[in-house]
Amino acid sequence: MARGSAVAWAALGPLLWGCALGLQGGMLYPQESPSRECKELDGLWSFRADFSDNRRRGFEEQWYRRPLWESGPTVDMPVPSSFNDISQDWRLRHFVGWVWYEREVILPERWTQDLRTRVVLRIGSAHSYAIVVSAARSRQGGWGGTAAEQHGTSSCHPRHWVNGVDTLEHEGGYLPFEADISNLVQVGPLPSRLRITIAINNTLTPTTLPPGTIQYLTDTSKYPKGYFVQNTYFDFFNYAGLQRSVLLYTTPTTYIDDITVTTSVEQDSGLVNYQISVKGSNLFKLEVRLLDAENKVVANGTGTQGQLKVPGVSLWWPYLMHERPAYLYSLEIRGKGFDWPLLVKDFNLLRWLGANAFRTSHYPYAEEVMQMCDRYGIVVIDECPGVGLALPQFFNNVSLHHHMQVMEEVVRRDKNHPAVVMWSVANEPASHLESAGYYLKMVIAHTKSLDPSRPVTFVSNSNYAADKGAPYVDVICLNSYYSWYHDYGHLELIQLQLATQFENWYKKYQKPIIQSEYGAETIAGFHQDPPLMFTEEYQKSLLEQYHLGLDQKRRKYVVGELIWNFADFMTEQSPTRVLGNKKGIFTRQRQPKSAAFLLRERYWKIANETRYPHSVAKSQCLENSLFT
C-alpha cells in the first residue's frame, strides 16, 4: 500500500438486504482477500479448570505469566467445543468457575516485520466471561507485550500492566470479540511465537445474560463446607468454553472497519444505499463494487457512502415462500457451537422437511449458520441470550445496560444478513411484572433505534391481559404447550384452547401472531395406541391438533408456526428430563421420529398451496433442490 494514500476495495455480495445506519464500529466476518490473511487457531489447546475453593488460584498464582504447563498439569481440549462434554472427569461436566485455555502460535514473518500490516486476534464465542492474555516471545527468549481491554464494543481502550502482558476482556457468550495486537507482535526483537491464554468463567449471576444465581448449601449434615450450585432458569444445559473458532487475521493499517447497507426497489431496479467506515487514515481512495452470485460486477460506486442501482434486479427470496402472504413454518435448530458436518446435515434436513424459517433460540447462532441461511433462503428470527429472565431481581439497571449492549453486538454482527427478518430481545421473560414492562420497553426501543428497518419482538408465555411488554413489540410471539404441561393427555382440548389464545391476543393487540413454540416430548421407539404421553403417537397426534387450530387462523392474522424442537437436546438433570429435552422431531443423532414425516407432509403442502409462481426466478438463494 502506497504511503499517504490507500486504495480500499469493498465488495458488497450478491444479496440485497436491509438494515439501519445507527451503529458505530464494525465486526465484519474475517475473509481472506488480496489485502487480508487469516490464520485459524482451531485444534487442540492446553486446558485446565481451576478447582480451587475460590476458583481464583489461576489469578493468584498468575498462570498467564508463563506457559500453562509450568504451573501444573493440563489436558488437551479441542477448539471449538464445550469443555463439559469432552472429558471423562465428572467434575468438568457441571463445573462452575474459571477454566484456562492456552496455545502457542508461530506467526508469519511478514506479520511481525511489515508495520503497514495490522494483526487482530478474534474469538468467535467464549461463554460467558473471558479474559484473553497474549505474550510474544522473541527469538532471544522472553515474553512481553502491551495491553488492551474490550467491554462489548469494537474499540479497545489501552492500558499497560507492569508485567507487560496484553489483556482483552469480554462479557457474554455467543458473540465475537477481537483486539488489535499489532503493537504486541511488532515491537522489540522480532517475535517468533505468540502465546495466547484465555481464561473463561461460566458463572451466571443476576446481571449476566442469561442470568442465574449461585446458591450456597450450608447444611453441613448434607453438604461439605463451601458447597454451592449454579441455579439456572432456562431449559438447556449451560455448556461453556471456546465454542466457536479462534483466529488471527490481518488488514492493512488503513482498513475497512464496517459496511452497512439498506435496500429498496424502484420498479424493476434494486437500490443499495451503502455506508462504509474506514479507519487508520483520512488519506484513501474507496472504490465500491457490487457483485452478483457469479462474481460479475453489476454496479460501481466511490466514496464512503452512496447508492448503487441495479436494473432488472433479482431479489433474494426465502425458500418456498409465497410473496403474499408470507408464512413461516419450521422449528428451532442447534447453534451454540459450530462444526460444518453437523451444520450441513441440519440444513439438508430443513430442506427435506420443506421448512423455511427458524428462531435462534435462545442466543445468537454461529456466524456460519447465518451465512447458510442466506445461502439456502432460510428466514431467521434473530434472538439474543435474553432467556431465563424469571425473577424480579433480574430486571435491574445493570442488567438493562448489559442487555442493550448485547443487542448492539447482535445487530452489529447480523445487520447485513438478508435472512434476518426480525430481532427477538428475550424468550419467556416474566413479562407480567411492572419492572419487566419498563425493561422490555427500553430494550425494544433501543433495538429499534439500532435498526428501524426490521420488526422487534420477544417471545411470551404470559397471560394476554397481564403481559406488560406486548404493547411495544411489532409481532406477538407465543409459546404454549396445551395438553403437555397441563391437561395431561387431553388432546381433545387443544383446538379450543389454541383458538381462545389467538383470539384473546389478537383482540387486545391487533398485531400479527407467530406460534413460536409448541410440541411434546417423545422417546424414540416408544409406541402406544391410543396415544399416551412420551410416545411417538402422542407427539404426532398433538401436532395434528395444533395444526387444525393453526389452519383456522393462518389465513387471517397468524403468520407463522415454529415447532419446538428440531432435535432432542441436553438439559440440566431433573426427574422430568430423561437425558435432556426430548421434544425434537429428530433425535440428537438426527434420526427422524414419526412426527418428522408428519411435519414434512404439512410443510410441503403449505409450500405447494402458497408458493409464489416466480420464486425460482426471483431468488438468489439455492432454490434448486433434490427435495422440490
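A.B. asks: Would you mind showing me how to read the packing of aromatic side chains here?
C.D. replies: For any pair of aromatic rings, geometry is given as the distance between the ring centres together with the angle between the planes. Across all of its chains, the model carries 35 aromatic pairs by this definition. An angle of 10° between the planes, with centres 6.5 Å apart, marks the rings of Tyr64 and Trp100 as stacked. With Tyr64 in the loop between helix H1 (57-60) and strand E4 (75-79) and Trp100 in strand E5 (residues 98-106), this pair connects stretches of sequence that are 36 residues apart. As far as the burial class goes, Tyr64 and Trp100 line up, both buried. When the ring of Trp352 is compared with that of Phe597, the centres are 5.6 Å apart and the planes differ by 85°; the resulting orientation is edge-to-face. You can see Trp352 sitting in helix H5 (residues 340-353) and its partner Phe597 sitting in helix H11 (residues 594-610), a full 245 residues away along the chain.

A.B. asks: Honestly, the side chain of Arg602 in this entry has me stumped. Any pointers?
C.D. replies: Positionally, Arg602 belongs in helix H11. Its relative accessible area of 9% is what places Arg602 among the buried residues. In contact with Arg602, other than residues within four places in its own chain, are His547, Leu550, Asp551, Arg554 and Glu561.

A.B. asks: Please clarify how the sheet that holds strand E13 (residues 177-180) should be interpreted in this entry.
C.D. replies: Picture the strands of a sheet paired through backbone hydrogen bonds; they go either parallel or antiparallel. Spatially, E2-E18-E6-E13 is the arrangement adopted by the four strands of the open sheet, whose pairing is antiparallel. Edge strands, defined here as strands with exactly one partner in the open sheet, are strand E2 (38-40) and E13. If you compare each strand with its neighbour and ignore which way they point, the axes differ by 20° on average. The sheet contact formed by strand E6 (residues 117-123) and E13 spans four bridges and is antiparallel. Bridging from a neighbouring strand, Val120 pairs with Asp180 of E13.

A.B. asks: Please explain the packing of helix H9 (residues 494-509) against helix H10 (residues 536-553) as it appears in this structure.
C.D. replies: A packed helix pair is summarised by two numbers, namely the angle formed by the two axes and the spacing between the axes. Put simply, H9 and H10 touch, their axes get as near as 9 Å, and they point 40° apart. Comparing the axis directions of H9 and H10 gives the class oblique. Remark: the crossing between H9 and H10 carries right-handed chirality. In this structure, H9 contributes Ile494, Gln495, Leu498, Phe502 and Glu503 to the contact, and H10 contributes Leu542, Gln545, Tyr546, Leu548, Gly549, Leu550 and Lys553. Its residues placed into classes, the contact of H9 with H10 shows seven nonpolar, three polar and two charged.

A.B. asks: Got a minute to help me understand helix H8 (residues 434-450) in this structure?
C.D. replies: Between its terminal C-alpha atoms H8 stretches 25 Å, which fits the 24 Å expected from 17 residues at 1.5 Å a residue. What H8 keeps buried is the set Ala436, Gly437, Tyr439, Leu440, Val443, Ile444, His446, Thr447 and Leu450.

A.B. asks: Just to check I follow, could you spell out helix H6 (residues 367-376) for this structure?
C.D. replies: The periodicity of an α-helix, 3.6 residues per turn, causes residues three or four places apart in sequence to face the same way. Along H6, eight of the 10 residues are buried, which leaves the element largely enclosed by surrounding structure. Of the residues making up H6, those classed as buried are Glu367, Glu368, Val369, Met370, Met372, Cys373, Asp374 and Tyr376. Packing partners of the buried residues in H6 comprise E6, H5, strand E25 (357-359), strand E26 (379-383), helix H7 (397-414) and strand E27 (420-427). Looking one or two residues beyond H6, the residue adopting positive phi is Gly377, at roughly 75°.

The rules behind these values
Residues numbered from 1 in each chain as written. Predicted model: local features only at pLDDT ≥ 70, side-chain atom pairs only at ≥ 80, totals over all residues. Heavy atoms only, no water. Phe/Tyr/Trp six-rings, centres within 6.5 Å; stacked < 30°, edge-to-face > 60°. Helix = DSSP H or I, 4+ residues; strand = E, 2+ residues; numbered from the N terminus. Buried < 20%, exposed > 50% of the residue type's maximum accessible area, 1.4 Å probe, protein only. Contact = heavy atoms within 4.5 Å. Pairing = 2+ DSSP bridges. Axes fitted to C-alpha atoms, helices over the stretch in contact; angles between N-to-C directions. Parallel < 35°, antiparallel > 145°, perpendicular 65-115°, else oblique. Left-handed = near helix turned anticlockwise from the far one by under 90°. Nonpolar A, V, L, I, M, F, W, Y, C, P; charged D, E, K, R; others polar. Expected span 1.5 Å × (residues − 1).

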